[in-house]
Amino acid sequence: MSDSLLVEDATIDSYRDRFVARLSQTVPGRKEFVVGSASGCTLTSAEGREYLDMTSGIAVANVGHTHPDVVAAIIDQAQRYSHVNVYGRFVIPEQVEVVERITSVTAPGLDVAYLTSSGAESTEGALKLARKFTGRPKFVAFERSYHGRTLGALSVSWREEWRAPFEPLLAEVEFVPFGDLAAAAAAIDERTAAVIVEPIQGEGGIRIPTDDFLPGLRQLTTDAGALLIVDEVQGGMGRSGRWFSHQHWDVVPDIITMAKALGGGLPLGAIVSTAEIFATFVDPPLSHLTTMGGNPVACAAGIAAFDVMVRDSLVEASAQQGEYLRARMGEVQRDYPERIIDIRGRGLWCAFEVAGDGNLVARELQERGVLVGSVLNSAGTVRVTPPLIITKEQIDRFVAVLREVIETGIGIDVAEDAS
Ligand code: PMP
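Below you will find a few notes about this structure. As the structure is a prediction and not an experimental result, all values here were calculated from the model.

A few words on the site of the ligand. Close to the ligand lie S118, G119, A120, Y146, H147, G148, E198, E203, D231, V233, Q234 and K260, which account for all nearby residues. Residue G119 places a main-chain N or O atom 2.8 Å away from an oxygen atom belonging to the ligand. Side-chain polar atom of E203 to a nitrogen atom of the ligand: 3.4 Å apart, as the coordinates give it. For the ligand, whose unbound accessible area comes to 390 Å², protein coverage reaches 82%. Grouping the constituent residues of the shell around the ligand by class yields three nonpolar, five polar and four charged.

See the structure below:
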């Protein structure tokens, strides 16, 4: 079927121009390659070049691309039904099954979900929920945060240049430095509906706060009668070596947002909270709605991906392989300490920091057959987030290419270093 796309070189080439002309672009410049297929940790271009995927489509393909169980579940569900009514009229068994699975790995009490189709949509719903439940208008968010690009989500996402052109946004949002409890304490007041935080910042550069930060935020929000929203869109589903990144600390939030890996590669997101907090969405009825959220095919894919995670112990694998990956990257850093200036991460949510331009280093890795990515809010950071099924041999291959690239000095600003 799609093989027909692979036959003619001229057809492959023409897709570049047609893609740029017909799909609204938000990034200038030449497109890198035309996608042919993806499987496990490998992405293959339409020309047939294979790449080791150390991005997982930005933390989506946690069980690997086109996992056979996920593909089978999608086919099976698509043959039975895909979209039917979702405004609460019919019972959709696949929604029950996926929510029961997710909430089996969240804290007791956080056992109800509203299903969405994306991370930004989960943020939007969570903000509405917090405002409605508390009756308060204000949000506290953090510098370098990222919660999505729709208007509400943008309002609580940090980078000024991306917010300013779209103002006025939500009126009462205060940003404080990530990790700074004193600043958070000063910002949280009786007008605060919620604090929204990524327990480990993703687009901010895979930044891990000190151990007192998340518990401190829990205490401050509880004391102020505000809610604590944790954004697990990027850090959830085993990425950090726990099911959810806030579980590295002994903290129970009020609302958890999810998306990305949740749907096993299909668009599925969730807002998870308590029955008490969600009760606010039925008064008045239809306080929140989406047509496609919890699409049954996406739910079926999510169920299959979750079951793969459990059966193959991928949360544990993430923790173990993450240690190995950081140790191996550390060997390169030891030889080039002025070029790789930091290595961070939990589980397979990793990054290295170069003294230079992370984008250029990422591009050079790609030239050599390895896909990594930069992050949105930290210029020197290169994100390394492979599928959780990655093997030690594949990690070794990545590290060998990383060493080659760091040796070249491409993308590094330091003219003369110790190497
Ligand atoms: N929250 C976080 C922490 C994210 O990393 C992202 C996406 N990078 C989003 C929200 C937005 O998700 P989406 O792109 O699916 O809207």
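Now for the sheet that holds strand β3 (residues 50–53). Overall, mixed pairing links the four strands, which are arranged β1-β2-β3-β13 in an open sheet. Every interior strand has two partners, whereas the edge strands, β1 (35–39) and β13 (370–371), have only one. Relative to β13, β3 is paired through two bridges, and the arrangement is parallel. Paired with D53 across the strands is L371, a residue of β13.

Membership of the largest hydrophobic core comes to 85 residues, with the highest contact counts inside it found for F352, L365 and F398. Both domains that furnish three or more residues to this core are identified here as domain 1 (9–63 + 313–408) and domain 2 (69–311). Contacts of L365, omitting those with residues within four sequence positions, involve F352, V370, V372, F398, V401, L402 and V405. Residues Y114, A126, L127 and I229 belong to the second largest nonpolar core, which totals 19 residues.

With the rule as written, the count across this model stands at one cavity of 30 Å³ or more. The space that makes up the largest cavity amounts to roughly 40 Å³. Taken together, S145, Y146, R149, L154, S157, W158, R159, W162, R163 and N377 make up the full set of residues lining the largest cavity. Classifying every residue of the lining of the largest cavity gives four nonpolar, three polar and three charged.

Residue P168 is bonded to the preceding E167 through a cis peptide linkage, with omega at 5 degrees. Going from D283 to P284, the amide bond is cis rather than trans, its omega being 0 degrees. Mapped onto the fold, P284 is located in the loop between α11 (275–278) and α12 (296–311). Despite not being glycine, S313 shows a phi value in the positive range, around 50 degrees. Relative to the helices and strands, S313 is located in the loop between α12 and α13 (314–335). The partly exposed category is assigned to S313, whose relative accessible area is 34%.

Cut-off values and rules
Residues numbered from 1 in each chain as written. Predicted model: local features only at pLDDT ≥ 70, side-chain atom pairs only at ≥ 80, totals over all residues. Heavy atoms only, no water. Near = heavy atom within 4 Å. Polar contact = N/O pair within 3.5 Å; in protein donor to acceptor, adjacent residues only side chain to side chain. Areas by Shrake-Rupley, 256 points an atom, 1.4 Å probe, with all protein chains shown as cover. Nonpolar A, V, L, I, M, F, W, Y, C, P; charged D, E, K, R; others polar. Pairing = 2+ DSSP bridges. Helix = DSSP H or I, 4+ residues; strand = E, 2+ residues; numbered from the N terminus. Core = buried A, V, L, I, M, F, W, Y, C linked by side-chain atoms within 4.5 Å. Buried < 20%, exposed > 50% of the residue type's maximum accessible area, 1.4 Å probe, protein only. Domains from an automatic or database assignment. Contact = heavy atoms within 4.5 Å. 1 Å grid on protein atoms, 1.4 Å probe; cavity = no way out; pocket = protein on both sides within 12 Å on 5 of 7 lines; lining within 4 Å. Points joined across faces, edges and corners; volume = space filled by probe spheres on them.

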